[in-house]
Amino acid sequence: LIILICSVMLAEGFREMGIMPTSLVMVIFLSVIIVSSITPGYGYGIFSAFIATLACDYFITSPRLAFSFTNGSPITLVTMLLASLLTSTITYNMNNQARLAKERELRANMMYEITQELLIARNLDSIIEIGCRYLMEHLKRPVIYYFGDPLLQVGKYYINEDSAIKKDVFLQDFDMVHEIFLSI
């Protein structure tokens, strides 16, 4: 709304300088495009198109300072609505693509880090530890790895220091883990 008010004030200043009304409509139309591009979704753009059309009709077209929906106001409204919808759609898609690109970049960086650590790993235990640590960081869950029967407690566990799950609580469900182990 502030952007629209500023554009109307700017258009009024240009009108005082003798600029043609068609150019003044473009100043207000530009505010619709700005609102559509900086706000999420379509609602603000559509709302700004309606307000801008009313502002054009009230401040720019004759008779000035009165509403008279003639002289192309419906065409102006439809044009501003289409422009705001188009701008909102393009902006939404652009922001969505930027978010997806950031996620892909983070995933690629994580894979690079894992690969670098695995290249310097010297034995099976360090490979398992690296894998469990990255699973734990990525899934944000504690990870346990058993290389034998869980009832014999032959395994290793990895728990974040800031995890709400404590070691003793994490390791007390050996019966359930044993059943899963036997079913594999």
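The coordinates are above.
Model, not experiment: these values are computed from the prediction. (Residues numbered from 1 in each chain as written. Predicted model: local features only at pLDDT ≥ 70, side-chain atom pairs only at ≥ 80, totals over all residues. Heavy atoms only, no water.)

## Focus on the overall build of the chain
- Helix and strand content of the chain: seven helices and two strands.
- Moving toward the C terminus, one meets the helices and strands of the chain in the order α-α-α-α-α-β-β-α-α.
- Sequence separation of 24 or more characterises 50% of the internal contacts of the chain that already satisfy a separation of 6 or more.
- Accessible surface, the chain: about 12,600 Å² in total, of which carbon and sulfur atoms supply 68%. (Helix = DSSP H or I, 4+ residues; strand = E, 2+ residues; numbered from the N terminus. Contact = heavy atoms within 4.5 Å. Areas by Shrake-Rupley, 256 points an atom, 1.4 Å probe, with all protein chains shown as cover.)

## Looking at the packing of helix α1 (residues 2-16) against helix α2 (residues 21-38)
- Closest axis-to-axis distance for the α1/α2 pair is 9 Å, and the angle between their directions is 160°. Classified by the angle their axes make, α1 and α2 are roughly antiparallel. Our pair here, α1 against α2, has a crossing hand that is right-handed. Contacts between α1 and α2 involve Ile 3, Leu 4, Ser 7, Val 8, Leu 10, Ala 11, Phe 14 and Arg 15 from the first element and Leu 24, Val 27, Ile 28, Ser 31, Val 32, Ile 34, Val 35 and Ile 38 from the second.
- Here the residues of the contact of α1 with α2 sort into 13 nonpolar, two polar and one charged. (Axes fitted to C-alpha atoms, helices over the stretch in contact; angles between N-to-C directions. Parallel < 35°, antiparallel > 145°, perpendicular 65-115°, else oblique. Left-handed = near helix turned anticlockwise from the far one by under 90°. Nonpolar A, V, L, I, M, F, W, Y, C, P; charged D, E, K, R; others polar.)

## A short note on the nonpolar core
- Ile 28, Val 32, Ala 52, Cys 56, Ile 60 and Met 80 are the most contacted members of the largest nonpolar core, which totals 17 residues.
- Those elements that place two or more of their residues in this core are α1, α2, α3 (43-60) and α4 (73-120).
- Top contributing element to this core by residue count: α2, with six residues.
- Apart from the residues within four sequence positions on either side, Ala 52 is in contact with Leu 4, Ile 28, Val 32 and Met 80. (Core = buried A, V, L, I, M, F, W, Y, C linked by side-chain atoms within 4.5 Å. Buried < 20%, exposed > 50% of the residue type's maximum accessible area, 1.4 Å probe, protein only.)

## Describing the side chain of Ser 31
- Within the fold, Ser 31 resides in helix α2.
- Overall, Ser 31 belongs to the buried group, its relative accessible area being 2%.
- With near-sequence residues (within four places) excluded, Ser 31 lies in contact with Ile 3, Leu 4 and Ser 7.

## Concerning the side chain of Ser 48
- Mapped onto the fold, Ser 48 is located in helix α3.
- Relative accessible area serves as the criterion here: at 2%, Ser 48 is assigned to the buried category.
- Once you skip the residues sitting within four places of it in the chain, Ser 48 turns out to touch Leu 4, Val 32 and Val 35.

## Side note on the pattern of salt bridges
- Applying the stated rule across the entire model yields five salt bridges.
- Between Glu 16 and Arg 15 there is a salt bridge, with its nearest N and O atoms 2.8 Å apart.
- For Arg 133, the salt bridge goes to Glu 137, with nearest N and O atoms at 4.0 Å. Taken together, the residues span about one helical turn, with Arg 133 and Glu 137 both in helix α5 (residues 124-139) at a distance of four residues.
- Its relative accessible area of 42% is what places Glu 137 among the partly exposed residues.
- Among the charged side chains, a network of salt bridges with common partners joins Glu 12, Arg 15 and Glu 16. (Salt bridge = Lys/Arg side-chain N within 4 Å of Asp/Glu carboxyl O.)

## A word on α2
- An ideal rise of 1.5 Å per residue puts 26 Å on 18 residues; α2 measures up with 26 Å between its terminal C-alpha atoms.
- Among the residues of α2, Leu 24, Val 25, Val 27, Ile 28, Phe 29, Ser 31, Val 32, Val 35 and Ser 36 are the ones counted as buried. (Expected span 1.5 Å × (residues − 1).)

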